[in-house]
Every structure is written in C-alpha cells, then in structure tokens.
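Analysis of the macromolecular model
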Amino acid sequence: MNGLSFSELCCLFCCPPFPGRIAAKLAFLPPEPTYKFVPCDESNTKYRIQYLDRAEWQFGERDKESIESFFTRTSRGNLIPCIFIKCCTNAKYTLLFSHGNAVDLGQMSSFYMGLGTRINCNIFSYDYSGYGISAGRPSEKNLYADIEAAWHALRNRYGISPENIILYGQSIGTVPTIDIATRYEVGAVILHSPLMSGMRVAFPNTKRTWFFDVFPSIDKVSKVQSPVLVIHGTEDEVIDFSHGLGIYEKCAKAVEPLWVEGAGHNDVELYNQYLDRLKKFVSVELAN
C-alpha cells in the first residue's frame, strides 16, 4: 500500500525515527563560515560583508558596495544575517533566495550577483539558523522561522510589495520557500531541485506522508496560489528527478517546467537553458 519493503516497515514501526534526526541526517551540513559582517558604524544596524578566501568572491571591491548587510531576529530568537544585492537599477522583481545545503551567504554571493545581473532582478538572501554567522542550530522549525523573518525584513526594510517578490528555493531551500508561499501570495515561486518530503528521499518507494516525516512539501505545494516554475536535473543523484515531477504535478498554477537533460544536483546552473528559462519566465511570462 505504501511502497515500503517489509524490512523497512518493521524498522519504521519498531523504532520510528525522530523527525529531527531525519532532518539532520538528510539536510543540514553547514560549512565553516566563509564571511564576516563588519559594522559600518556604532549603531550596529548596518554592516559590510567581508569575504574569506573560501567564499571565492569573483567580483571586484566596488561591486561589494551594492550589497547591504544586516541581521534580523527570528520568532524563535535566533539572529540571522541577511544581504540585499542591488544588481539592477531598474529591477521590477526581487528574488527572496533560500539556498541549498552545505553553502552559506559567502559562497553564494558571486552566484547571486551574476544571476541577478543576467535576469534583471535584485536578490535578497539569508542564512539559516546555524549556517554562516547565524545563531542557533539547523532544524525544520527554524527553517520556517528563518524565512518568515527574512520575508518581513525584505518587506519592512525595503518596502517591496509581495507582487514584486519572487520566492526562489534551491534543494533544501525549497522547503521553507513552499511553506511561506502557502501563506503569502507573491509574484512567482521558483523551485529548483525540490524534494517531496524527507522520508521520500530516504526511502524512495514511500508513497504517503508518515506522521514522523519531515519537510512534507508535497502536501503543501498545492496550496500555493502564485505561478510556480519547477526546475530539476534528470540525473539528480541527491534528490531524484521524480521529486521534481511529483511537486510539479501538485502545483495549482505551474508554468512550463525546466527539466535539464543530463544535469545532476549541483550543475543545473551550468546549462544554457537554465538562464534562458529564467529570463523568459521573469521578463515575458510574468510580464504578461
């Protein structure tokens, strides 16, 4: 009925895993921080980001001037860092970007700068609790609190209207992205290598959501009322391509997806059709 083998069923019912342990095993591998925040003045409300060598910053010193850095506090009490990258002076949309596992803001900054410039969007991003220079530790509950705090920081600090915000989640970042997209209608949602749920990653034959499952995005995504673009590599070795298909089929307002033939989990961005699809989505489909 559920697609699990007898031995897997016995394991689950005799010693069901704790959700936190599933989450920790599947999703959270924060790297050593690759950046620092240096206060701009004594008020400690604005900072400049200082990249360590591990961040591999690919732009010049002047480009850093377009990055505003600050902290915000989540409802669970954790102080998390945020960055706003003004990539374009005439950008209609701002991407609220929730990055994948095993990276932090420092490692993602060069990608953000290049992406925003190419698709004519500004980019706002944040580190999860326990990542980068954030306080706290990674957990599913913290993921949801982290993106909620980032959402309010983007809305209140910059006055950006929901219809001008595109929620972009990559890998584990699709989990908080889908969650907040069920509560706020936005300009659009982009789900890059999404997962249906934690148990479905750990046990690929799982066909239902168990009470101890984590990241149950498959049960939430149908409630998203904004246009959704799903992107997935057909040879993804971390989150199987079937997850992207499953999420896409549940979307109420899905647009034409991008299935990148031959791409894995970490190289979708290297294919030409990735940027082409994003440009079309942002500048043509959303405009119409």
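Residues numbered from 1 in each chain as written. Predicted model: local features only at pLDDT ≥ 70, side-chain atom pairs only at ≥ 80, totals over all residues. Heavy atoms only, no water.

Turning our attention to the side chain of H99. Among the structural elements, H99 can be located in the loop between β5 (93-98) and α3 (105-119). A distance of 2.7 Å separates polar atoms of two side chains, one belonging to H99 and the other to D127. In this structure H99 touches D104, L105, M108, Y112, S125, Y126, D127, Y128, Y131, Q170, I172 and G173, once residues within four positions along its chain are discounted. (Helix = DSSP H or I, 4+ residues; strand = E, 2+ residues; numbered from the N terminus. Polar contact = N/O pair within 3.5 Å; in protein donor to acceptor, adjacent residues only side chain to side chain. Contact = heavy atoms within 4.5 Å.)

This paragraph deals with the pairing of β5. Here β5 lies mainly inside the structure; six of its six residues are buried. Residues Y93, L95 and F97 of β5 are buried on one face, and the alternating residues T94, L96 and S98, pointing to the opposite face, are buried as well. The sheet contact formed by β5 and strand β6 (residues 121-126) spans five bridges and is parallel. Bridge pairing in β6 places L96 opposite F124. (Buried < 20%, exposed > 50% of the residue type's maximum accessible area, 1.4 Å probe, protein only. Pairing = 2+ DSSP bridges.)

Attention shifts here to helix α7 (residues 241-250). Within α7, burial applies to F241, H243, G244, G246 and I247. Check the buried side of α7 and you find it contacts α5 (174-181), β8 (188-192), α6 (198-202), β9 (228-233) and β10 (258-260).

Another point: the packing of α3 against helix α8 (residues 272-285). Packing of α3 against α8 brings their axes to within 9 Å, and their N-to-C directions diverge by 55 degrees. When the axis of α3 is compared with that of α8, the two are oblique. With respect to the hand of their crossing, α3 and α8 are arranged in right-handed fashion. On the side of α3, the interface is formed by F111, L115, R118 and I119, while α8 contributes Y274, L275, L278, K279 and V282. Tallied by class, the residues present in the contact of α3 with α8 amount to seven nonpolar, no polar and two charged. (Axes fitted to C-alpha atoms, helices over the stretch in contact; angles between N-to-C directions. Parallel < 35°, antiparallel > 145°, perpendicular 65-115°, else oblique. Left-handed = near helix turned anticlockwise from the far one by under 90°. Nonpolar A, V, L, I, M, F, W, Y, C, P; charged D, E, K, R; others polar.)

In terms of nonpolar packing, the biggest core is built from 41 residues, with L96, F124, Y126, L167, V189, F215 and I247 touching the most fellow members. Counting only elements with at least two residues in this core, the list comes to β4 (79-85), β6, α4 (140-158), β7 (165-170), α5, β8 and β9. In terms of residues, this core owes the most to one element, α4, which gives eight residues. (Core = buried A, V, L, I, M, F, W, Y, C linked by side-chain atoms within 4.5 Å.)

Bringing the side chain of E148 into the picture now. Position of E148 among the secondary structure elements: in helix α4. Not counting chain neighbours up to four residues away, the residues in contact with E148 comprise I180, R183 and Y184.

What follows covers the environment of L29. Relative to the helices and strands, L29 is located in the loop between α2 (19-27) and β1 (35-39). Considering only alpha carbons, one finds L29 and G100, 71 residues apart in sequence, at a separation of 10.0 Å. The residues touching L29, leaving out its near neighbours within four places in the chain, are N101, A102 and Y131.

Taken N-terminus to C-terminus, the directions of α4 and α5 make an angle of 60 degrees; their axes are 9 Å apart at the nearest point. For the element pair α4 and α5, the recorded crossing hand is right-handed. Contacts from L143, Y144, I147, E148 and W151 of α4 reach α5 at V175, P176, T177, D179 and I180. For the contact of α4 with α5, the residue count by class is seven nonpolar, one polar and two charged.

Moving on to the pattern of salt bridges. Here the structure, examined in full by the defined rule, presents seven salt bridges. The partner of E148 in a salt bridge is R183, with the nearest N and O atoms 2.3 Å apart. Note that E148 is positioned in helix α4 and R183 in the loop between α5 and β8, a separation of 35 residues in sequence. With relative accessibility at 40%, the residue R183 sits in the partly exposed group. Within the structure, one salt-bridge network assembled from shared partners comprises E148, D179, R183 and K220. (Salt bridge = Lys/Arg side-chain N within 4 Å of Asp/Glu carboxyl O.)

Position of S139 relative to the elements: it lies in the loop between β6 and α4. Relative accessible area serves as the criterion here: at 14%, S139 is assigned to the buried category. Placed 40 residues apart in sequence, S139 and H99 show a C-alpha to C-alpha distance of 15 Å. Among the polar contacts listed, one links the side chain of S139 to the backbone nitrogen of N142, at a separation of 3.1 Å.

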